[in-house]
Amino acid sequence: MSRRPALLVVDVQNDFCPGGALGVPEGDRIIPRINRTIKLFVRRGLPVLATRDWHPRVTRHFKEFGGAWPPHCVQGTKGARFHPKLTLPEGAVILSKGMDPDQDSYSGFQALSLQGRDLESVIRDLGIDEVFLCGLATDYCVRATVLDALRRGLRVRVLGDAIRGVDLHPGDSERAVKEMRQAGAPFVETRGLASSLPG
Ligand code: VGL
Ligand code: ZN
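Just so you know, these numbers come straight off a predicted model, no measurement behind them.

About the thresholds
- Residues numbered from 1 in each chain as written.
- Chains lettered and ligands numbered in written order.
- Predicted model: local features only at pLDDT ≥ 70, side-chain atom pairs only at ≥ 80, totals over all residues.
- Heavy atoms only, no water.
- Donors = N, O, S within 2.8 Å, 3.2 Å for Na, K, Ca; no water.
- Buried < 20%, exposed > 50% of the residue type's maximum accessible area, 1.4 Å probe, protein only.
- Patch = residues over 30% accessible without salt bridge, like charges linked within 9 Å, V, L, I, M, F, W, Y side chains within 5 Å.
- Areas by Shrake-Rupley, 256 points an atom, 1.4 Å probe, with all protein chains shown as cover.
- Salt bridge = Lys/Arg side-chain N within 4 Å of Asp/Glu carboxyl O.
- Lys, Arg positive; Asp, Glu negative; His and termini not counted.
- Charge placed at Lys NZ, Arg CZ, Asp CG, Glu CD.
- Helix = DSSP H or I, 4+ residues; strand = E, 2+ residues; numbered from the N terminus.
- Contact = heavy atoms within 4.5 Å.
- Polar contact = N/O pair within 3.5 Å; in protein donor to acceptor, adjacent residues only side chain to side chain.
- Phe/Tyr/Trp six-rings, centres within 6.5 Å; stacked < 30°, edge-to-face > 60°.
- Lys NZ or Arg CZ within 6 Å of the ring centre and 35° of its normal.
- Expected span 1.5 Å × (residues − 1).
- Arc of directions from axis to C-beta.

**Q** How would you explain the coordination of the zinc ion (ligand 2) if you had to name every residue and give the values?
**A** At 2.1 to 2.2 Å from the zinc ion (ligand 2) lie its protein donor atoms, namely Asp53 (OD), His55 (NE2), His61 (NE2) and His72 (NE2). The motif formed by the donor residues of the zinc ion (ligand 2), counted along the single chain, is D-x1-H-x5-H-x10-H. His61 gets classed as buried once you look at its relative accessible area, which sits at 2%.

Structure (structure tokens):
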């Protein structure tokens, strides 16, 4: 059976980049690498998916209402937009998560497409059997999405030079990387990726 990978770009939004409400250090540095990788997938006719954190103004995810975070990625605000330098292709599948005001949801598998489909059904419908994953943040959404993908029996590769973490507690990102590797997600670099893609 032929392999069919997709690229999953996680939460590359203004609020997660330097200057944003929850700026991840160097969060914007990964964007040129992601853009080059997007081109590789588009040229081969392989799907590109992108998640976004998409919160209501009032949610238990935010400090003010008992959560861990300053307000960020509030639906419809500039902070919630994809970073302007990110070049998502026409036809990219956009999935939103974090809409439930009563819970934290970090995994892309809790996200819904604009048509209301969840990530797993989108992946199955597109005939994808392997996900290459990049984006923000290593210790939250990237980690949770990678572990969930593995639990669902998908092959996952993490683009190690195209992720960055929040590190709310020092060492969080490093621990997340170890955890993802141990769970069965190999790390690869964006450079030289062309040779490991079909077509
Ligand atoms: C995330 C912190 C708060 C993430 C979302 O998507 O990684 N991190 N909300
Ligand atoms: Zn959030």
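**Q** Let's hear about a positive patch on the surface: which residues, and what values?
**A** Where like charges cluster on the molecular surface, the positive patch consists of Arg36, Lys39, Arg43 and Arg191. Position of Arg36 relative to the elements: it lies in helix α1 (residues 31-43).

**Q** Just give me the short version of the environment of Asp139, but keep the residues and values in it.
**A** You can see Asp139 is positioned in helix α3 (residues 138-151). The exposure class of Asp139 is buried, given its relative accessible area of 7%. Between the C-alpha atom of Asp139 and that of Tyr106, which follows or precedes it by 33 residues, the distance is 9.8 Å. Those residues in contact with Asp139 that lie beyond four places of it in its chain are Gly165, Val166, Asp167, Leu168, Asp172, Ser173 and Ala176. A polar side-chain atom of Asp139 sits 2.7 Å from the main-chain amide nitrogen of Asp167.

**Q** A description of the packing of aromatic side chains should follow, citing residues and the corresponding values.
**A** In the structure shown here, the tally under the stated rule is 3 aromatic pairs. For the ring pair Trp69 and Tyr140, a centre distance of 4.8 Å and an interplane angle of 85° mean the geometry is edge-to-face. Linking Trp69 in the loop between β2 (48-53) and β3 (93-97) with Tyr140 in helix α3, this pair joins segments that are 71 residues apart in sequence. Relative to Tyr140, the ring of Tyr106 lies with its centre 5.1 Å away and its plane at 50°, an arrangement referred to as tilted. With Tyr106 in the loop between β3 and β4 (112-113) and Tyr140 in helix α3, this pair connects stretches of sequence that are 34 residues apart. Members of the aromatic cluster, joined through ring pairs, are Trp69, Tyr106 and Tyr140. The positively charged end of Arg52 is found above the aromatic ring belonging to Trp54, 3.6 Å away from the centroid. Taking NZ or CZ as reference, Arg181 lies 4.6 Å from the ring centre of Phe187, over its face.

**Q** Which residues make up helix α4 (residues 172-183), and what values go with them?
**A** In an α-helix, one turn spans 3.6 residues; hence positions three or four apart end up facing the same way. The end-to-end C-alpha distance of α4, which contains 12 residues, comes to 16 Å, matching closely the 16 Å that a straight helix rising 1.5 Å per residue would cover. Along α4, the residues that are buried comprise Asp172, Ser173, Ala176, Val177 and Met180. For α4, the arc enclosing every buried residue in end-on projection is 135°, short of the 170-degree limit, so these residues lie on one face. Those residues of α4 that are exposed and aimed more than 90 degrees away from the buried face are Glu174 and Gln182. Buried residues along α4 sit in contact with α3, β6 (155-164) and β7 (187-188).

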